[in-house]
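# Results of the structural survey
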Amino acid sequence: MKIMLHVLLLLIISSVAVYSLEIDTTRIHREAELGDVIEGIVNVVNSENSVSLSVDINIEDMVYDSTEQKVEFKPFGTMDNSCARWIKINPSVVKIPPKSSQAVTYIITVPQELKHAQYFAVLFFTTGNSIKEVTSESVLIGSQTRMGVIVKVTIPALAKPAGKIEAFQVIPANEESPMKLIYAFINKGNILQKVFGSFSIIDKEGNLFGRGNMKRGLANPGEKITIESIWDGDLEAKTYDLIAEFKYEPKIIEIKEVNFENQYQE
Amino acid sequence: MKINIKNKLIILFLSFSGFLFAEKDEITIPAKVTVDPYVQLLLTSSAFEIDIVGNPIDKAVKELTPGSLFFGSMFKAKKHELTKSHYSYNYISKTDVKIINNSKPFQLILSIVPTDKTGFIIDLETLDKTKALHIKTLQSDSTGCSNNIHYLNSWKDFSNNREIVIYSSNGEIISDSFSVLFSIMNLDPQTVAGTFSGRIIWTLTTKL
């Protein structure tokens with residue numbers, strides 16, 4: 001009986017397959033001079049007890065979609081501001097036994113002449129594909145996991161960050177939605193801009209009624225973004241001042257003040 | 001009531017047998033992905049047989065190969081209603097997602113990659129001319145970050161670039177859980193033929 005229980009337990013354990021992928025670097029953001037060589041290591045870890053891990057490492061391009069506020073991946077070396085061709089990876093495939101790790105070296109060689117002030121790529125660490133070939137089945141869809149390490153190389157000597165908050169609006173809460181804060185930012189420089197916004201709500205006597213952060217916005221050079229955030233704190237029905245502080249490069253702090261009437265109270 | 005040692009062993013054996021068969025009904029395939037000390041993502045996949053209107057039946061159709069989502073040749077060709085979503089397959093595939101200790105903005109993207117140029121599931125002709133592979137997210141647990149989860153409770157087909165952002169964090173420190181359902185819908189039986197394959201890729205990246 002005891003042996004039978006052990007066999008059953010083994011069957012139960014073996015019916016669940018576990019993949020585990022762990023890397024110790026999620027972004028490689030570096031400033032460099034023309035001709036610099038940047039080197040580093042990404043450690044890939046297999047923390048599982050019983051399953052070996054096969055990981056492919058490949059390089060792709062990426063762009064930032066300002067409208068959707070998300071990263072998009074593109075084929076290797078197809079974008080104008082790609083640094084994918086500067087990067088050498090060694091090794092490009094790793095097989096890691098259980099409870100082990102392996103270092104992957106990257107070398108980024110910055111060219112002597114460049115057109116842009118900022119370049120991007122992404123290193124993908126992808127688990128092996130369990131579906132190797134099409135079988136006689138009519139439909140076969142596999143699943144893989146991968147980690148993306150964003151590479152951003154900025155050349156300070158060429159960078160000219162600039163921008164401006166073009167509009168800031170507060171829409172007080174109503175029965176259908178909480179209070180909205182909307183800002184528009186235009187990137188007038190030649191590098192990707194990140195805009196951080198925070199705010200405080202005070203009444204005419206200077207009493208603080210609420211504070212918070214707005215959604216971060218990213219804008220490509222020359223592009224305008226509009227970012228909407230919500231604040232669902234409670235306010236009495238009266239008049240308030242909202243003071244917003246926006247931060248972006250080159251270490252600019254821009255203040256906006258909006259007076260609004262809150263008529264809706266939960 | 002007296003239960004002797006022999007009976008206890010029999011009860012124990014039956015309990016383990018029941019657990020074993022329960023495992024066969026719902027096959028789980030966890031895939032744990034960890035990004036530095038700040039972010040951890042845990043994926044667990046299972047498959048459920050569904051009835052004609054898409055409700056899960058308490059029975060699995062086949063064991064999943066680890067890492068696979070759909071398989072076989074079990075198209076439902078009986079019911080075709082142009083006015084409503086039609087489940088073209090006998091089961092849906094579900095992945096439970098858990099994200100913990102995130103302190104940096106990141107996004108979780110689902111994309112589809114064809115295995116080859118001749119067969120690609122989302123390019124199949126569908127009755128309503130949309131993509132065949134649909135997803136929706138179900139919130140099973142939350143710490144106040146439901147705004148980060150996209151496409152809650154409604155089916156969504158993949159965009160033209162064959163990818164969908166399903167979770168987007170602004171850097172809150174969270175522990176969030178949700179489920180992603182996959183379904184093949186609205187296939188046109190007149191045009192479906194041959195073998196179709198592809199891969200779904202879960203991509204976790206920090207934001208810029």
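Computed from a predicted model, the values in this text were never measured in an experiment.

Let us now look at the sheet that holds strand 11 (residues 163-171) of chain A. Residue and element names in this part refer to chain A. Pairing within the open sheet is antiparallel, and its 3 strands lie in the order 11-12-16. The sheet is open, and its two edges are formed by strand 11 and strand 16 (224-231), each paired on a single side. Put simply, the sheet's adjacent strands are angled 15° from each other on average, direction ignored. Bridge count between strand 12 (residues 179-187) and strand 16: 8 bridges; the pairing is antiparallel. Each residue of the ladder has a partner; that of Lys-180, found in strand 16, is Ile-230.

All names here are of chain A. Domain annotation for chain A reports domain 1 (2-154) and domain 2 (163-261). Taken together, the contact between domain 1 and domain 2 spans 7 residues of the former and 12 residues of the latter. Inspection of the domain 1/domain 2 interface yields 0 salt bridges. The interface formed by domain 1 and domain 2 holds 5 residue pairs in polar contact (both at pLDDT 80 or more) in total. Here the residues of the side of domain 1 that touches domain 2 sort into 3 nonpolar, 3 polar and 1 charged.

Space inside the largest pocket adds up to approximately 1,400 Å³. Counting only elements with at least two residues in the lining of the largest pocket, the list comes to strand 13 (193-202), strand 14 (208-213), strand 16 and strand 17 (239-248) of chain A together with strand 9 (163-168) of chain B. The element best represented in the lining of the largest pocket is strand 16 of chain A, accounting for 6 residues. Looking at the lining of the largest pocket, you find at least three residues from each of domain 1 (2-154) and domain 2 (163-261) of chain A. Along the walls of the second largest pocket sit 18 residues, with Gln118(A), Lys152(A), Ile191(A), Leu192(A) and Glu249(A) positioned nearest its centre. When residues of the lining of the second largest pocket are traced back to their parent elements, those giving at least two are strand 2 (27-31), strand 10 (139-154), strand 13 and strand 17 of chain A. Mapping the lining of the second largest pocket onto the domain boundaries places at least three of its residues in each of domain 1 (2-154) and domain 2 (163-261) of chain A.

Residue and element names in this part refer to chain A. Omega for the bond connecting Asn-90 with Pro-91 falls within 30 degrees of zero, at -5°, which places this linkage in the cis form. A cis amide bond links Glu-249 to the next residue, Pro-250, at an omega of 0°. Along the chain, the position of Pro-250 falls in the loop between strand 17 and strand 18 (252-261). Although it is not a glycine, Gln-69 adopts a positive phi angle of roughly 55°. By the element assignment, Gln-69 lies in the loop between strand 4 (53-65) and strand 5 (70-74). You can call Gln-69 buried: its relative accessible area is 17%. Phi angles above zero are rare outside glycine, and Lys-99 is one such case at about 55°. Assignment of secondary structure puts Lys-99 in the loop between strand 7 (93-96) and strand 8 (100-109).

About the criteria used
Residues numbered from 1 in each chain as written. Chains lettered and ligands numbered in written order. Predicted model: local features only at pLDDT ≥ 70, side-chain atom pairs only at ≥ 80, totals over all residues. Heavy atoms only, no water. Pairing = 2+ DSSP bridges. Helix = DSSP H or I, 4+ residues; strand = E, 2+ residues; numbered from the N terminus. Axes fitted to C-alpha atoms, helices over the stretch in contact; angles between N-to-C directions. Domains from an automatic or database assignment. Contact = heavy atoms within 4.5 Å. Salt bridge = Lys/Arg side-chain N within 4 Å of Asp/Glu carboxyl O. Polar contact = N/O pair within 3.5 Å; in protein donor to acceptor, adjacent residues only side chain to side chain. Nonpolar A, V, L, I, M, F, W, Y, C, P; charged D, E, K, R; others polar. 1 Å grid on protein atoms, 1.4 Å probe; cavity = no way out; pocket = protein on both sides within 12 Å on 5 of 7 lines; lining within 4 Å. Points joined across faces, edges and corners; volume = space filled by probe spheres on them. Buried < 20%, exposed > 50% of the residue type's maximum accessible area, 1.4 Å probe, protein only.

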